[in-house]
Amino acid sequence: MAELQDAEIIIIGGGIVGCSIAYQLARMGKKDVLVLEKSGLTHGSTWHAAGLVGQLRSSRNLTRVLQKSVEIYDRLEADTGQAIDWKKVGSLRLACSKERILELKRAATMAKSFGLELHLLNAKEAQELFPIMSTEDVLGAAFIPSDGYVDPSSVTQAFARGARKNGVRIQEGVKVLDMIVKDQRVEELVTDQGRVKCEVVVNAAGFWSRELALKAGVKTPTVALEHQYLVTEPIPDIPPNMPAMRDPDLLIYYKPEVHGIAIGGWEPDTISFGEKGIPGEFAQQLLPENFDRFEQLGINAAKRTPIVNEVGVRQLINGPIPWSADEGFILGWAPEVDNFFSATGISIGIAGAGGVGQMVSEWIIEGEPSIDLWPFDIRRFNDHHNEKSFLYPRTIESYGKTYFIHFPGEEHESSRNIRQSPLYDLLKEKGASYGSKAGWERPNFFVSKNNRTAEALTFEKPNWFDCVGEEHKAVRERVALIDQTSFSKFRISGPGALDLLQYLAVSNIDKPIGKIIYTQFLNSRGGIEADLTISRTGEEEFYIVTGSAFGVHDRSWIEKHSPRDGSVVIDDLTEEFGVINLCGPHARDVLQNVTDDDISNETLPFSSYADIRVAGHPVRAMRIGYVGELGWEMHMGRENMPAVYKALAEAGSQYDIADVGYRAIDSLRMEKGYLYWSSDISPDYNPFEAGLGFRVNMKKGDFIGRDALIAIMENGGPERKIAYFTLEKYMPVYGSEPIMREGRILDVTTSANFGYTIGKPLVFGYLPVQEFENRNFSVEAFGEVIPATRHDGPLYDPEMKKLKL
């Protein structure tokens, strides 16, 4: 065995993902790369994978990543000289229920907006492509001609061969035992073959990743679950180029094998593997066959393809696969360690590996990816996600629901009640229907005691539609209380705090104590990395509030750019402070009834805060909000929340005060034209495109992204801008619908909801600037084209008069 040598980049894991990253790094000019594999290439979960390559997902950027995989597999054999057995024969997806047909129509709409060819078929047309199937119960199908399947081991070897040709070193039989971390950097890897140093370490260790990452103090919420598929004996006269097929209503998938067929699926209550630690020497091994657990899938397969009753079983393959806490990839720089990059938790590793390798390599070399990868960013997780008590129930649930219809508003059932507001029980008694965000239980909406009907999941008008409409009306016309304790909250203090925030934010943060600044953080390309408020609470102290799910991400961004000399201190106050939002036209009347402090507009204007007492309890009343009405987000010690809530509720009873949930918030903010980070704004968009140029202060001095913004303006300004639309017919819309004019797709919707004050569905989306001379557009949803009218700005209170009363 060759002696270990230091490398600039060390990739741990020689599966398809690790080898793809090595291949792409070398293509992009990084030659000093070392891949360490404890056994042999593919010996984890790659070698026994079924090899399906599908592209269409509900996320545009995930679809882009999977499309990149197909592009790479198209040329990989020619590039490396290694055959990969890539069969680009397409894929079928069947629909056997009315709801599944709606899902296919929505998929077809998204495919159109993503530039992916998809054909809707009837049952007979599907059978022509997959002759061994029965058409019993089949109502329709979707066919994507550019999908297919590939041999996992061959494609991995091709990546490895291409990497080696470009100078990458791959050493098998080297096990990483520990990592030496100093000053928040991995300095050295300790292996069973000696020590080796690196500048960057990439964790591509598959289902070993969680245990491996903990050696560096990094939390990586991924586990191993058992997955089975069956390979039949040869089937007579099977056509040579059948597509792969999925029948999600029967929970099964098919992949043609040599003269036979592979049949797998996603059954409920799979079994975890290695919950007490994955055996250290486990490599290129299968788990015991479990025919009893496979039986339900086998029965379903016999229904869809009766021929399997007439042929024998060649093998039942049971192998562990990686599965993350939310089923998504886990990518990106770890928040705990500066030079530790995660590339793991990829349950669709064969479909994803090509695109993931390219995106990860860009991210490592450039410091950030070329497209927004927030849905896969490791910083989307909180500490509780890495706890086994959360991980295993949640991953087993999501595995079993892989082929379920994923309706809008669907909530998980497992691993709930991780984080609760002090008002949880009180609001539950008042009819709160709870959802979960970043582990927090939050009211989605409220139902009356006389109508506690369970939420019905649907693509059509939901049964909570009117409940949310009443809450929306209460905020617009009367007054409401919203529990927003789940906000992420930080204190930034120290002599370097102001300089740091001035460098991060596009706005001038050097404001008087008591001011609230709504602002954005940008990356070097000018893309929006964070959208938050910063309140100045002292000469050297600031209070930051950001979204519930964005706390780890935003704190990590701040820490990444903070000086390491102790001049900046960051304290997480999320769990210390609760938040009650009092909002609506009568908000001042209610609040003045329970405080002796002056809360007049002259004393406490919009975008300012004051420390007051409410019913005798200390409260920081922040005159800011996300619903477009007069109001205060009141931050206080958690222990004071019940008393403050009860005092406000009692004082508001004369105005018919209402409790309001997060679904109403979304409708309210869209009417007001407020944007949501991760959909309307993200690293894919800059402030000028998003209509946030008014937040940018180019005169204050340097800040991250300033040069990119200057370049944009010098080149004539943005080429696209956000637009606001109403639909001229009721249709449930959820985002990612194509925006069109005269049949030409211009972009997709970034947000969608119903505007109860406006009385029409609302959507946001970006348009080329030359399209702003037009008013009439259309939006396609579930295959239906609906007229849409573009408006010049927010539809509700565009002059901000109600906010500033």
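Everything numeric here is computed off the predicted structure, so don't read it as measured data.

Reading the values: rules and limits
- Residues numbered from 1 in each chain as written.
- Predicted model: local features only at pLDDT ≥ 70, side-chain atom pairs only at ≥ 80, totals over all residues.
- Heavy atoms only, no water.
- Helix = DSSP H or I, 4+ residues; strand = E, 2+ residues; numbered from the N terminus.
- Rg over C-alpha atoms; globule rule 2.2 N^0.38 Å.
- Buried < 20%, exposed > 50% of the residue type's maximum accessible area, 1.4 Å probe, protein only.
- Contact = heavy atoms within 4.5 Å.
- Areas by Shrake-Rupley, 256 points an atom, 1.4 Å probe, with all protein chains shown as cover.
- Lys, Arg positive; Asp, Glu negative; His and termini not counted.
- Charge placed at Lys NZ, Arg CZ, Asp CG, Glu CD.
- Core = buried A, V, L, I, M, F, W, Y, C linked by side-chain atoms within 4.5 Å.
- 1 Å grid on protein atoms, 1.4 Å probe; cavity = no way out; pocket = protein on both sides within 12 Å on 5 of 7 lines; lining within 4 Å.
- Points joined across faces, edges and corners; volume = space filled by probe spheres on them.
- Nonpolar A, V, L, I, M, F, W, Y, C, P; charged D, E, K, R; others polar.
- Pairing = 2+ DSSP bridges.
- Axes fitted to C-alpha atoms, helices over the stretch in contact; angles between N-to-C directions.
- Phe/Tyr/Trp six-rings, centres within 6.5 Å; stacked < 30°, edge-to-face > 60°.
- Lys NZ or Arg CZ within 6 Å of the ring centre and 35° of its normal.
- Salt bridge = Lys/Arg side-chain N within 4 Å of Asp/Glu carboxyl O.

Visitor: Whenever I open this one, the overall build of the protein chain confuses me. Can you help?
Guide: Counting its secondary structure elements, the protein chain contains 17 helices and 38 strands. Here the protein chain has a C-alpha radius of gyration of 27 Å; the compact-globule value for 805 residues is 28 Å, and the two agree. Principal axes of the C-alpha set define a box for the protein chain whose edges measure 85 × 60 × 55 Å. In the protein chain, which comprises 805 residues, the share counted as buried stands at 62%. Considering only contacts in the protein chain between residues 6 or more positions apart, those separated by 24 or more positions represent 74%. Counting every atom, the protein chain has about 30,300 Å² of accessible surface; 47% of that belongs to carbon and sulfur. Within the protein chain, one finds 87 positive and 112 negative side-chain charges whose respective centroids are separated by 2 Å.

Visitor: Would you mind going over the nonpolar core with me for this structure?
Guide: Nonpolar side chains in soluble globular proteins tend to end up buried together. Counting 84 residues, the largest nonpolar core has Ile10, Leu36, Phe130, Leu189 and Phe340 as its most contacted members. For this core, the element with the highest residue contribution is strand S12 (residues 222–232), accounting for 6 residues. Contact partners of Leu189, with chain neighbours within four places excluded, come to Ile10, Ile12, Leu36, Val176, Asp178, Met179, Gly194, Arg195, Val196 and Val201.

Visitor: When you look at empty space enclosed by the protein in this model, what are you seeing that I'm missing?
Guide: To find the voids left in a structure, one rolls a probe of water-molecule size over its atoms. Inspection of the entire model under this criterion finds 3 cavities of 30 Å³ or more. Of the voids in this model, the largest cavity is the one considered here, and its volume is about 50 Å³. In this structure, the largest cavity is lined by Asn581, Cys583, Phe606, Arg623, Ile624, Gly625, Val627, Glu629, Leu630, Gly631, Trp632 and Leu803. If you list the elements that add at least two residues to the lining of the largest cavity, you get strand S28 (577–583) and strand S31 (631–637). Of the residues contributing to the lining of the largest cavity, the split by class is 7 nonpolar, 3 polar and 2 charged.

Visitor: Just to check I follow, could you spell out the sheet that holds strand S37 (residues 776–781) for this structure?
Guide: Sheet strands pair via backbone hydrogen bonds, and the direction of the pair is either parallel or antiparallel. Pairing is antiparallel in the closed barrel, where 6 strands are placed in the order S33-S36-S35-S34-S37-S38. The mean inter-strand angle of the sheet, taken between neighbouring strand axes irrespective of direction, is 40°. The sheet contact formed by strand S34 (residues 738–741) and strand S35 (residues 744–755) spans 4 bridges and is antiparallel. Across the sheet, Pro738 pairs through a bridge with Val748, a residue of S35.

Visitor: Help me understand the packing of aromatic side chains in this model?
Guide: Think of a pair of aromatic rings as described by two things: how far the centres are apart, and how the planes are tilted against each other in angle. Enumeration over the complete set of coordinates arrives at 34 aromatic pairs. For the pair Tyr73 and Phe159, a centre-to-centre distance of 6.3 Å together with 50° between the ring planes defines the contact as tilted. Of the two residues, Tyr73 is situated in helix H2 (residues 60–80) and Phe159 in helix H5 (residues 152–165); the sequence distance between them amounts to 86 residues. Owing to a relative accessible area of 1%, Tyr73 belongs among the buried residues under this scheme. Ring plane angle 45° and centroid distance 6.3 Å describe the contact between Tyr253 and Trp266, whose orientation is recorded as tilted. Within this pair, whereas Tyr253 is found in strand S14 (residues 252–257), its partner Trp266 is found in the loop between strand S15 (260–265) and strand S16 (272–273), the two being separated by 13 residues in sequence. Summarising the burial analysis for this pair, Tyr253 and Trp266 share the class buried. A cation sits over an aromatic face here: Arg620 above Tyr543, 5.8 Å from the ring centre. Of note, Arg720 hangs over the ring of Tyr766, and the distance from its end group to the ring centre comes to 5.7 Å.

Visitor: In this structure, what is going on with the environment of Leu582? I would like to understand it.
Guide: For Leu582, the position within the fold is in strand S28. Sequence separation of Leu582 and Leu331 is 251 residues, and the distance between their C-alpha atoms is 38 Å. Ignoring any residue separated from it by four or fewer positions in sequence, one finds Leu582 in contact with Val479, Ala480, Leu481, Ala587, Val590, Leu591, Leu630, Gly631, Trp632, Met634, Leu648 and Ile657.

Visitor: Help me out: how do you make sense of the pattern of salt bridges in this one?
Guide: A side chain of one charge can pair with a side chain of the opposite charge when the charged atoms of the two come close. Under the definition given, this model contains 53 salt bridges. As a salt-bridge pair, Asp611 and Arg620 come within 2.8 Å of each other at their nearest N and O atoms. Here Asp792 and Arg790 are joined by a salt bridge, their closest N and O atoms 3.3 Å apart. Residue Arg790 is classed as buried on the basis of its relative accessible area of 4%. Salt bridges here are not isolated pairs; linked through shared partners, they connect Arg394, Glu397, Lys401 and Glu413.

Visitor: What should I look at first to understand the sheet that holds strand S24 (residues 516–522) in this one?
Guide: The 5 strands lie next to each other as S24-S25-S26-S23-S27, forming an open sheet whose pairing is antiparallel. Looking along the sheet, the strands with just one partner apiece sit at the ends: S24 and strand S27 (569–572). The average undirected angle you get between the axes of adjacent strands in this sheet is 30°. Pairing geometry for S24 and strand S25 (residues 528–538), over 7 bridges, is antiparallel. Each bridged residue has a counterpart across the sheet, and for Tyr518 the counterpart in S25 is Thr533.

Visitor: Help me out: how do you make sense of unusual backbone geometry in this one?
Guide: Glycine aside, a negative phi is what most residues show, and trans is what most peptide bonds show. Of note, Asp137 is a non-glycine position whose phi angle comes to about 70°, a positive value. Of note, Asp137 is situated in the loop between helix H4 (123–129) and strand S6 (140–144). The class for Asp137 is partly exposed, based on a relative accessible area of 40%. Despite not being glycine, Ser678 shows a phi value in the positive range, around 100°.

Distances and angles like these do not, on their own, reveal function.
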